[in-house]
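Chain and residue survey
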Amino acid sequence: MDSYLQFRRASRNCLVCGVSLPELQRHPSTLRLSEKEETIREDICPNCWEHMGERDYFGYWVTHRFQEGPSPEQRKLARSERNEALWALFNALYALRESDDLAPQLFLVSHLLMKYRILQFREARGDGTLVFHHPQTQETFEIQDLPLEAVSFVDVKSEIESRLHEFAPKESDAAPVE
């Protein structure tokens, strides 16, 4: 993809005076090239726009009312974010695997990672242990097998979903517009 098509998302504040832009109905936005030929988006309040001297940009538009999206906790994670968050959650749970109250979460997350092809199931041992393998890191993980009727997986699933956003990658201000 051409680099001029990648630029950061709308800013929440005016580049010049710092006034909050979400409260405004509309505000000007520009694109200009840096010395390294990187595309830079600039969001400016109408008042500062009127008082600007030099307007060195190659693209201009008026951004209409800033739409508030769902909160980070309400937003549905993209597949890659979900996988990264599940993997981070799995590693956090696995580090604390001796705790019996985390065994159902670890069991369910390991199966989700298997479903999403991040972990591979290797074997079920006679001692009630399931063995999973991570092909990229070549690590092996031993998880306690749980009978399906022993745990309310609906409750465990909601616990996992509530914690998943804690482990999701944070949205970057420099994220390209899709």
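Residues numbered from 1 in each chain as written. Predicted model: local features only at pLDDT ≥ 70, side-chain atom pairs only at ≥ 80, totals over all residues. Heavy atoms only, no water.

1. Re the sheet that holds strand β5 (residues 129–134)
Under the convention used in this document: Only when DSSP finds a minimum of two bridges between them are two strands counted as paired. Secondary structure elements follow DSSP: runs of H or I no shorter than four residues count as helices, runs of E no shorter than two count as strands, and numbering proceeds from the N terminus. Axes, fitted as lines to C-alpha atoms, cover a helix only where it is in contact. Angles between the N-to-C directions of the axes lie from 0 to 180 degrees. Throughout, a residue-residue contact means that at least one pair of heavy atoms, one from each residue, lies within 4.5 Å.
Pairing is antiparallel across the open sheet formed by three strands, whose spatial order is β4-β5-β6. Each edge of the sheet is formed by a strand with only one pairing partner; in this case those strands are β4 (120–124) and β6 (139–144). This sheet shows a mean twist of 25 degrees between the axes of neighbouring strands, independent of strand direction. Sheet contacts for helix α2 (residues 79–95): β5 and β6; angle to β6, the most-contacted strand, approximately 65 degrees.

2. Thoughts on the pattern of salt bridges
Here is the rule: Salt bridge, as used here: a side-chain nitrogen of Lys or Arg that lies within 4 Å of a carboxyl oxygen of Asp or Glu. For every residue, the accessible area (1.4 Å probe, protein chains only) is compared with the maximum for its type, and the residue is labelled buried under 20%, exposed over 50%, or partly exposed between those bounds.
Under the defined criterion, the tally for this structure stands at five salt bridges. For Asp43, the salt bridge goes to Arg41, with nearest N and O atoms at 3.1 Å. Each member of the pair, Asp43 as well as Arg41, is classed as buried. Here Lys157 makes a salt bridge to Glu161, at a shortest N to O gap of 2.6 Å.

3. A closer look at the confidence of the model for the protein chain
Our working rule: Per residue, pLDDT captures the predictor's confidence, and it can take any value from 0 to 100.
Summary statistics for the protein chain give a mean pLDDT of 79 and a share of 83% for residues scoring 70 or more. No element of the protein chain has a lower mean pLDDT than strand β3 (residues 59–64), at 78, and none a higher one than β5, at 96. Below pLDDT 50 for its whole length, residues 172–178 participates in 12 contacts with residues either more than four positions away or in separate chains.

4. Some points on the environment of Trp87
With respect to the secondary-structure elements, Trp87 resides in helix α2. In sequence terms Trp87 and Ser110 are 23 residues apart; their C-alpha atoms lie 8.8 Å from each other. Sequence-distant contacts of Trp87, defined by excluding residues within four places in its chain, comprise Leu113, Ile118, Leu119, His134 and Phe141.

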